[in-house]
Structures are given as C-alpha cells and as structure tokens.
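This is what each chain is made of:
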Amino acid sequence: MASAGGSLMDVLCEVYECSVNATRPSRTPAEVARAIVSGVRAHETAGPHGNETDASCLALTLIGRMVARATAPAAHGRVAGFYRDAVEVLLQDLDVVSQMGVVSPAWHQTCQRALLSSPAGPELDSVLWSLTRVLQKLLQDNRQEPVRMLLMAFDTSVSASTSRFLPADRSPLGAPDTSCLLLDLLELLTASGSAAPAGTRGPKLTYIHAAALIAAVSRAPHYFVSKRAALLLKRAALRKAGEDWLGASGENAASDASDIGVLAAAVSDALAAGWLTSVRVESARFFGGTSAARGGPGDSVMLRALGLLVIKSVQHRVVSAAAGAAEAGGHLGSLWRFLRQKGVRPTDTDHDCGVLPLLFSEQDDDMMEAAKAALVIFLHLRDDWRQDDSAPVRASCVAGCNPHCHFLFLLGAVSADHRILLDFLISTETCFLDYLVRYLRYLRTDRRGFAASCRRLDAGGRSLAPSGGCRLVDYDDSDEEASGDSPGSERLRSNAGASDDTLGRALGCLVRLRRMLARLQNKNLFPYKADSLLKLLTQVIQLLNAD
Ligand SMILES: [Zn+2]
C-alpha cells in the first residue's frame, strides 16, 4: 500500500491538491499513475483502519480530474503535459480500466451516489468518465456477460442522471464537461444494445431523450456541446452509435424501428417549429483564418451531422407512412435553405439536388448514406409527386431529391473514375453496393428521367470531369480482354469518343466499371459474387445505348 515518498493516501492527497491548483506534483507521471492504480484496488484489501475505501474513491475522482486537466481545450504547457503523460501511463501501461473490475461494491456505491445526487462537476465527471471507459473496454473485448451486468447494475441511476441533465422541459444542459461526458456515456450505452437484458433502458436513453437532445443542439451555451449532441443524434439515426469508439461494428442491435420512429418524430416536430433557424454553426477553422473569412461554408462536421439527421428522419417518416409528400418536401426544403445559408451553395443556384452532394463531397460513407436515404424517399413519394406534376422527376428536383441528379453529382465527385467506384464496392465502410443496386434498378425503368437530369446538368455548366479531360478518350483499354467487354461497348466508344456531355461520360464510366468488375470476377479476384450487379449494369448500359 505504501508508495515511494509516503503513504498511499498522502500521495493521492498531494496529487489531488495539485490537480485543484493546476500545479505539477513532485512525483513522476509513472509514480502518480502507479499510486492511482493502487488506490483503485485498495478497497479489495480493506483493513482495520477503514481508509481503503476512501483511497479507492479518491483515486477514481483523481482519474476524472486528470483526464479533465489533460483534455481541457486550453490545456497546454508543462502542467497539462504532465497530466497527459500520467493518463497515458494509466490507460496504456497499467490498463487501469480493467483494474477497476466490473461492478466492485465500492465503485458501484460511489457511482450510484454521484449519478443520483451530485451536481455537475468533478465528482460526477469522474464517475461518468470511469463508467464510459469500462463500458468501452468491455465492448471492445466483446465481453457480453460483464456488459450485461454493468447495464443492469447502473440502469436506474444512469436513467435518473440522464433525466436530471436532459429534462423534458428542454432547458439547456449544465456544465459543458459534464454534458459532454454524459453524451459520451449515452453513445456507448446505445452501442451496447446487443448485450442488454430485456427491460433495461440504458441502450434506449438516446431515443427516449431525443427531444431534449435536439433542443440541446440549438440551446447549449457552448458550441462543442451542441456539436457533440448533433453527432450523437446523427449516429443514433444511422444506428451507428459508438463507431468512433469501437470501430465499424455494424448496426446497433438494440435500436429498432420504434426507437428510430421516436427520434424521427422528435426531429419532425422540431423542424416544424423552425428549429434549424436557431442552430448555430461556427466557421470551420484553418491555419490563418476561418472559412467564413474565405467565403466558404461553416463547420462541415456539424453541417453533415445535421444534414444526415434530417434526411434519415424524413426517410423513416416516409417509409413508415408517418409522413407524406407535403411534410417531406417541407422538411427537405428547410434543410436545403439552412445549408445554403451556411455556405453550402451549388453553382446551379435554383437546383436543390446539388446541395446534398456538395455537402458530403469530402465524406464518402456519409455521402452514400445520404444518397441512399434520398433515393428511398423518392421511390416512396414518386406517385405523390406525379399527382402534383405530370413529370415526377421535375417535381423531385424541386424537392432536391432527384436520384438521377444525385447519382450524376456522385459520379462528378469522383471525376467519373470507375476505379474509385470499384473501391467503394469493395469497401465495407460505405453502403455503396446497396445504394448502387437500388439506383440501377430504378434507372432501368426511367431512361427519359436520366437523360433529362443529364441535360439539366449540362445546361447548368456541370461537368463529370472537373479537370476538363475526357476520360473516355484518355482511357487506355489496350489491356482489356475481349471476353470482358460489355454489350454495346464498341458502339459506345465510337459514339461517345466524340461526346463529352454528361450522358456520354456517365455511360462510359458504367461501361468501364462493368468491364473491370467482370474481369475481376472471372479471375476470382472480387471479394463477393457480383452476378446480379453485373446483370443490372449490362441492362442499364444496353438501355442507355438505345437511341
Ligand atoms: Zn435535380
């Protein structure tokens, strides 16, 4: 129990005092880290003097304070560096998270007390932090049974704490550090659903408190709390909570359609009440200035989170028949207006289909999610749009949701390079395969609509190859195998070699994609069976080649 230079309690008390005064303890970061781990485990050897449990509680508090010192936005200099080093030793060399055990009685008691009654501040912060870290470690190691025990042990207290800090009357969140730590815990709880025993509320808390979280996006006094809440809501809408903490691990098992329905309804209510007009978006920061100074868009991470939250919510409302064309069109219209106000302005000023591809042009996985959601919305509403207008495609351009325009903008974003599309098809990080199959099935039925979108992009001065180089002409296909040729490709080359309009370039890209895909499949070099995709590509190419 004794540590170099004094008893364990003396060492812990000195470090606590230094952390309060923002000074540097007299010991090295490694000595401080070792003393804290001894403190965390002290309650296991409770002796006659009875201060072992105090040592455990103090050690847990210190972990939270040191993390706060090391990660504070203004943390710099030797003191912050000391705490960063000590936290690194704690997490990496000493693996303090697994030393905490799962539900040791002292830890459980300390956490319960803070969750139920502590005000926002260091004590509650350290408890939220330690719970989040333990949960993260257990989920990373896929230890389902301890996760289950943890969720059960803290279900009541975590639910009560969430209600205290995200009240139904939608007042803003309290202290910024406590707010962010609570949002981190909510995200990991949402990600932990597959291990959750029936009846536990932890994995549902983000959805239960969706309306309060949406209010926090516009009302939290600190921008980084607003942004943290927006990111949590976006990942909850995508059922991808925890992806930054745990790596890509598929969809969150516990989030079912009714959870997403609650979230989508809360988003819809907020949009109807003009929520987006009250959301603050800071300028993106660069060395030497901000994007606003350069006339560019605001914080793109925030804008993409809000964009996906809205579009996924509209998708859910439309698919579940909770909303029709009027509500969807209204919500999407308010999203496009908001994004344009924040600097996402496509060159074709009256064409809202360009807003979404421009917003997501630097984030492939989000772009695919957004394009897929827009496609699903269109497929569900095209009959309604046809009633309003004889041409559903024109009406969907008004709603900024024409799938042909989105597909063509997507091709433009990758300079119509079929090799990039092939990378997307192989990648497990995007839903491109799912999106492409759905889109090609629709394209097979609507050649005229596709041609109309191509003409619209040509008239708007958009090109699929921003460099101006025509890839159909540049493309060296001397190594192509005759057997890999798709129907009509010879004719395409002779026709499209002279045509660098949007339709010609798009068709050329699809032809090359089909050819390379067939070649890889023939050599067993493609990671999955692509027969149905190849068949679809063949049908679409034949259709687009037919005059
Ligand atoms: Zn359009």
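1. Digging into the overall build of the protein
In step 1: Tallying secondary structure elements over the protein gives 28 helices and two strands in all.
In step 2: Going through the 547 residues of the protein one by one, you find that 48% of them count as buried.
In step 3: A separation of at least 24 residues holds for 72% of the contacts in the protein among residues at least 6 apart in sequence.

2. Quick look at helix 12 (residues 210–219)
In step 1: Counting buried residues in helix 12 gives seven out of 10 residues, a clear majority hidden from the surface.
In step 2: Every buried residue belonging to helix 12 is among Ala210, Ala212, Leu213, Ile214, Ala215, Ala216 and Val217, and all of these are buried.
In step 3: Looking at the buried residues of helix 12, the elements they touch are helix 11 (205–208), helix 13 (223–238) and helix 15 (257–272).

3. Observations regarding the packing of helix 6 (residues 105–117) against helix 7 (residues 122–140)
In step 1: Interhelical geometry of helix 6 versus helix 7 gives an angle of 125 degrees and a closest axis separation of 9 Å. For the element pair helix 6 / helix 7, the angle class is oblique. Judged by the sense of rotation from one axis to the other, the crossing of helix 6 with helix 7 is left-handed. Touching Thr110, Cys111, Ala114 and Leu115 of helix 6 are Glu123, Leu124, Val127 and Leu131, all from helix 7.
In step 2: Considering only residue class, the contact of helix 6 with helix 7 consists of six nonpolar, one polar and one charged.

4. A look at the packing of helix 6 against helix 9 (residues 155–165)
In step 1: Viewed as axis vectors pointing N to C, helix 6 and helix 9 meet at an angle of 30 degrees, and their least axial separation amounts to 8 Å. Looking at the two axes, helix 6 sits roughly parallel to helix 9. You can see that helix 6 and helix 9 cross each other, and the crossing is left-handed. On the side of helix 6, the interface is formed by Cys111, Gln112, Leu115 and Leu116, while helix 9 contributes Ser157, Val158, Ala160 and Ser161.
In step 2: Looking at the contact of helix 6 with helix 9 residue by residue, the class counts come to five nonpolar, three polar and no charged.

5. Comments concerning helix 17 (residues 325–341)
In step 1: Over its 17 residues, helix 17 extends 24 Å from the first C-alpha to the last, a length consistent with the 24 Å expected when each residue adds 1.5 Å.
In step 2: Looking only at helix 17, the buried set comprises Ala325, Ala328, Gly329, His331, Leu332, Leu335, Trp336, Phe338 and Leu339.
In step 3: Immediately downstream of helix 17, the backbone of Gly343 shows phi near 105 degrees, a positive value.

6. Details of the environment of Arg113
In step 1: You can see Arg113 is positioned in helix 6.
In step 2: The sequence separation of Arg113 and Ser157 amounts to 44 residues, and the corresponding C-alpha distance is 8.4 Å.

7. Re unusual backbone geometry
In step 1: Its identity is not glycine, yet Asn142 carries a phi of approximately 55 degrees, on the positive side.
In step 2: The topology assignment puts Asn142 in the loop between helix 7 and helix 8 (144–153).
In step 3: Of note, Arg239 is a non-glycine position whose phi angle comes to about 60 degrees, a positive value.
In step 4: Summarising the element assignment, Arg239 is placed in the loop between helix 13 and helix 14 (243–246).

8. A few points about the environment of Cys431
In step 1: By the element assignment, Cys431 lies in the loop between helix 22 (418–426) and helix 23 (432–443).
In step 2: Once the C-alpha coordinates of Cys431 and Met367 are considered, the two residues, 64 residues apart in sequence, prove to be 9.4 Å apart.
In step 3: Not counting chain neighbours up to four residues away, the residues in contact with Cys431 comprise Met368, Glu369 and Lys372.

9. Details of the confidence of the model for the protein
In step 1: Across the protein, the average pLDDT comes to 83, with 82% of residues at 70 or higher.
In step 2: The lowest-confidence element of the protein is helix 25 (residues 471–474), averaging 29 in pLDDT; the highest-confidence one is helix 16 (residues 300–319), averaging 97.
In step 3: Note that residues 466–498 has pLDDT below 50 and, in this model, 43 contacts with residues that lie over four places away or in other chains.

What counts, and where the lines are drawn
Residues numbered from 1 in each chain as written. Predicted model: local features only at pLDDT ≥ 70, side-chain atom pairs only at ≥ 80, totals over all residues. Helix = DSSP H or I, 4+ residues; strand = E, 2+ residues; numbered from the N terminus. Buried ≥ 20, exposed ≤ 12 C-beta atoms within 10 Å, placed from the backbone. Contact = placed C-beta atoms within 7 Å. Axes fitted to C-alpha atoms, helices over the stretch in contact; angles between N-to-C directions. Parallel < 35°, antiparallel > 145°, perpendicular 65-115°, else oblique. Left-handed = near helix turned anticlockwise from the far one by under 90°. Nonpolar A, V, L, I, M, F, W, Y, C, P; charged D, E, K, R; others polar. Expected span 1.5 Å × (residues − 1). pLDDT = per-residue confidence, 0-100.

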